[in-house]
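Chain residues, written in single-letter form:
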Amino acid sequence: ITAAVAFDILPLKLHPFSQSTPTGLDCVGWKRRISSPVITDGALDKTALTDDVGSEEDLYEDFRSSNHRYGHPGGGGEQLAINELISDGSVVYAEALWDHVTMDDQELGFKAGDVIEVMDATNKEWWWGRILDSEGWFPASFVRLRVNQDEPMEDYPLKVEGGKEDDSSSGTRRFGMGQTTKDQMRTNVINEIISTERDYIKHLKDICEGYIKQCRKRADMFTEEQLKTIFGNIEDIYRCQKKFVKALEKKFNKDHPHLSEVGSCFLEYQTEFQIYSEYCNNHPNACMELSRLTKVNKYVYFFEACRLLQKMIDISLDGFLLTPVQKICKYPLQLAELLKYTNPQHRDFKDVEAALNAMKNVARLINERKRRLENIDKIAQWQSSIEDWEGEDVLVRSSELIYSGELTKISHPQAKSQQRMFFLFDHQLVCCKKDLLRRDILYYKSRINMDDMEILDVEDGKDKDFNISVKNAFKLHCRDTEEIHLFCAKKPEQKQRWLKAFENERRQVQLDQETGFSITEVQKKQAMLNASKQHHTGKPKAVTRPYYDFLMRQKHPTLPTTLPQQQVFMLAEPKRKPSNFWQNISRLTPFRK
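Residues numbered from 1 in each chain as written. Predicted model: local features only at pLDDT ≥ 70, side-chain atom pairs only at ≥ 80, totals over all residues. Heavy atoms only, no water.

(A) A look at the overall build of the protein. For the protein, the count of helices and strands is 16 helices and 16 strands. If you sum the accessible surface of the protein, you get close to 29500 Å²; carbon and sulfur atoms cover 50% of it. (Helix = DSSP H or I, 4+ residues; strand = E, 2+ residues; numbered from the N terminus. Areas by Shrake-Rupley, 256 points an atom, 1.4 Å probe, with all protein chains shown as cover.)

Take a look at the structure:
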């Protein structure tokens, strides 16, 4: 039976898409497991859904009664195991995958990489935890359980009085077959990397075969463009990950996992992993398209039929599609933990160290690309606020505001000086004039193509080209036409900032060429369309909260009433402070370091 047929015949119960983060899809393996109808390979227990689909009524009954969730922290065996450990007095630690911005005084804020002591995990969506002296609720999906729960909070190896390593507790302490503590810790991390990769491959296979394959059979419901929007390049990711996991398997030492040398695999595939950038950038569009489709019941029924026939875990499609985003963010955390338990004398040490830096760079590149794509809406809004705009849109050639500020422009032939506002984007410098009465209104005047320009630093004194005395000046010289533009800043430090900004502009253009960064025509047109609609209505753009609506102010142990919305791609890097430029055009954009 195909999903297309099942969709037509099954009287499936309406099951709205979960708006919470899909938890447990890429979780850490837990040693102590309690009997549960869910198994860790991501498939339903065969007693719950057999290979024989059975009658229409049986399948509907399975769907109606499938209210269990998968692993950590969505319920089932692992969550029970966590609570059992806590109730027994054991200390359970989790590591933050992403920053959690505190929106309420009863929540626990943290940054990616922070270690949280889990004190209460009875709820599948929100856990109660502690960092130092602070306690509060936090979304369970924002963390992963530490692989080595028995390890003390202090970095291994342990120290004794006098500052020397305690050989009895670190160097000679043994586990099992003569392994040292550190070897056992490394074994745990290696096993986690291998097992989560195997689970991830199955997960990608289920999406490609369980959803995409069935959707393509229903041309009456889905166009190819819709499927591209919903699933992005996940099929390319699946092919890449299959090759990657094969490479890992070859380097995996089954008899002595701590001797495995997996660092070279990450180095080999660091370039291929950049395909996640396209997927992460498209993911918000996928969520919007799914949200639109699932307002129609037939699409909800169809997606549920696909899930049941593929015997996939009880999570909605938008939840499944978030896991590639989670996966690429998790690699640096796994490699950091692996490096921690790898001796400098280990043959894998240098490769793991290099792999950690490489995967951080991959994640940073993905973050930067996503930030750039989010900025195109702001650039479009800025252009729509400029009066008397002429020529092509800024987004035709640019996608990043590098710097902005006020300069005096001196023009030939009479060396006429004019005060103007300048906005330096990649590839172009836009010149605007302030309104005489309303200084927050700008009028378009001209633009300069930066690809043809070279920047010349001008010393204070008389300039021979314009035959005037200048101070804090620099020139833009066109190589093709020999045209020269002279600019003066009010202060020396402002001039230096502009010179630095011009260097950054050229560096940004070169980096975009090297990494292949570009904005599609569809994205450009959509950004300008959105800005045009907003400009005509005259209404300010609604501010969306980054994670979830503000929570009701209640005391522990009352849980927050809403579920976290995840828009996270950042690692443990400090976040950029938001600029006020886009909210108030009269305030200059801070110089971006």
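(B) Expanded view of the packing of helix α6 (residues 181-216) against helix α13 (residues 323-340). Contact geometry for α6 and α13: axes closest at 10 Å, N-to-C directions at 165°. As summarised for this structure, α6 and α13 are arranged roughly antiparallel, according to the angle between their axes. Seen along the crossing, α6 lies across α13 with a hand that is left-handed. Taken together, the residues of α13 that come into contact with α6 (itself represented by Lys182, Arg186, Val189, Ile190, Glu192, Ile193, Thr196, Glu197, Tyr200, His203 and Leu204) are Thr323, Pro324, Lys327, Lys330, Tyr331, Gln334, Glu337, Leu338 and Lys340. Split by residue class, the contact of α6 with α13 holds 8 nonpolar, 4 polar and 8 charged. (Axes fitted to C-alpha atoms, helices over the stretch in contact; angles between N-to-C directions. Parallel < 35°, antiparallel > 145°, perpendicular 65-115°, else oblique. Left-handed = near helix turned anticlockwise from the far one by under 90°. Contact = heavy atoms within 4.5 Å. Nonpolar A, V, L, I, M, F, W, Y, C, P; charged D, E, K, R; others polar.)

(C) Representation of the state of the cysteines. By the definition in use, this model includes 0 disulfides. Free of any disulfide, Cys329 has its nearest neighbouring cysteine sulfur in Cys280, separated by 6.5 Å. Looking at Cys431, it has no disulfide partner, and the nearest cysteine sulfur is the one in Cys432, 6.6 Å off. Since its relative accessible area comes to 4%, Cys431 is described here as buried. (Disulfide = S-S within 2.5 Å. Buried < 20%, exposed > 50% of the residue type's maximum accessible area, 1.4 Å probe, protein only.)

(D) Main features of the packing of aromatic side chains. All chains considered together, the criterion is met by 25 aromatic pairs. Plain terms: the ring middles of Trp128 and Trp137 are 5.2 Å apart, the flat faces sit at 85° to each other, and that makes the pair edge-to-face. The two residues Trp128 and Trp137 agree in class, both being buried. Between Trp389 and Tyr444, the ring centres sit 4.7 Å apart and the planes meet at 50°, which makes this aromatic pair tilted. Here the residue Trp389 occupies a position in the loop between α14 (349-385) and β8 (401-411), and Tyr444 occupies one in strand β11 (residues 442-449), the gap between them amounting to 55 residues. Owing to a relative accessible area of 11%, Tyr444 belongs among the buried residues under this scheme. (Phe/Tyr/Trp six-rings, centres within 6.5 Å; stacked < 30°, edge-to-face > 60°.)

(E) A look at the nonpolar core. Phe231, Phe266, Phe273 and Ile328 are the most contacted members of the largest nonpolar core, which has 66 residues in total. With 13 residues, α6 is the largest single contributor of residues to this core. With sequence-adjacent residues up to four places away left out, Phe266 is seen in contact with Ile193, Phe244, Leu248, Phe273, Tyr331, Leu335, Ala355 and Met359. Judged by nonpolar contacts, the second largest core, of 22 residues, contains Met421, Phe425, Cys432 and Phe517. (Core = buried A, V, L, I, M, F, W, Y, C linked by side-chain atoms within 4.5 Å.)

(F) Looking closely at the sheet that holds strand β2 (residues 115-120). A sheet is described by the order of its strands in space; here 5 strands give the open sequence β4-β3-β2-β1-β5, paired in antiparallel fashion. Only two strands of the sheet have a single neighbouring strand rather than two, namely β4 (134-139) and β5 (143-145). Between one strand axis and the next, the sheet turns through 45° on average, direction left out of account. One ladder, built from 4 bridges, connects strand β1 (residues 92-96) with β2; its direction is antiparallel. Residue Ala94 lies in a different strand from β2, and its bridge partner there is Ile116. (Pairing = 2+ DSSP bridges.)

(G) Up close: the confidence of the model for the protein. Mean pLDDT over the protein: 75, with 70% of residues reaching 70 or higher. This stretch, residues 154-178, has a pLDDT under 50; its non-local contacts, to residues over four places away or in other chains, come to 32 contacts. Confidence drops under pLDDT 50 across residues 538-593; counting only partners more than four residues distant or on other chains, this segment forms 130 contacts. (pLDDT = per-residue confidence, 0-100.)

(H) Spatial organisation of the pairing of β2. Taken together, the 3 bridges between β2 and strand β3 (residues 126-131) define a ladder with antiparallel strand orientation. Directly across from Val118, in β3, lies its bridge partner Gly129. Counted along the chain from β2 to the antiparallel partner β3, the turn is 5 residues long.

(I) How the structure looks around the pattern of salt bridges. Applying the stated criterion to the full structure yields 32 salt bridges. Notably, a salt bridge pairs Asp451 with Arg397, separated by 2.5 Å at the nearest N-O pair. With Asp451 in the loop between β11 and β12 (453-458) and Arg397 in the loop between α14 and β8, the pair connects residues that are 54 residues apart, well separated along the chain. On the basis of relative accessibility, which here comes to 28%, the residue Arg397 falls in the partly exposed class. Overlapping salt bridges bring together Glu95, Arg144, Glu192, Lys330 and Glu337 as one network. (Salt bridge = Lys/Arg side-chain N within 4 Å of Asp/Glu carboxyl O.)

(J) Examining the environment of Gly136 more closely. Examined against the element boundaries, Gly136 turns out to sit in strand β4. For Gly136, a relative accessible area of 0% corresponds to the buried category. Remark: the alpha-carbon pair of Gly136 and Gly109, spanning 27 residues in sequence, is separated by 8.1 Å. Residue contacts for Gly136: discarding those within four places in its chain leaves Gln106, Glu107, Leu108, Trp127, Trp128 and Gly129.

(K) Local environment of the sheet that holds strand β16 (residues 484-488). With antiparallel pairing, the 7 strands of this open sheet are ordered in space as β11-β10-β9-β8-β16-β15-β12. Looking at the sheet topology across the chains shown, the edges are occupied by β11 and β12. For this sheet the average axis-to-axis angle between neighbouring strands, irrespective of direction, equals 35°. Relative to strand β15 (residues 473-478), β12 runs antiparallel, the two sharing 6 bridges. The residue bridging Met453 from the neighbouring strand is Cys478, located in β15. Sheet contacts for α14: β8, β9 (416-425), β10 (428-434) and β11; angle to β9, the most-contacted strand, approximately 155°. Its contacts with the sheet place helix α15 (residues 492-515) against β8, β9, β10, β12 and β15, and it is angled at close to 125° to β8.

(L) Inspection of a positive patch on the surface at higher detail. Taken together, the side chains of Lys205, Lys242, Lys246 and Lys250 present a region of like positive charge at the surface. When residues of the positive patch are assigned to their parent elements, the largest contribution, 3 residues, is made by helix α8 (residues 234-251). In this structure, Lys205 sits in helix α6. Look at Lys205 and you get partly exposed, because its relative accessible area is 35%. (Patch = residues over 30% accessible without salt bridge, like charges linked within 9 Å, V, L, I, M, F, W, Y side chains within 5 Å. Lys, Arg positive; Asp, Glu negative; His and termini not counted. Charge placed at Lys NZ, Arg CZ, Asp CG, Glu CD.)

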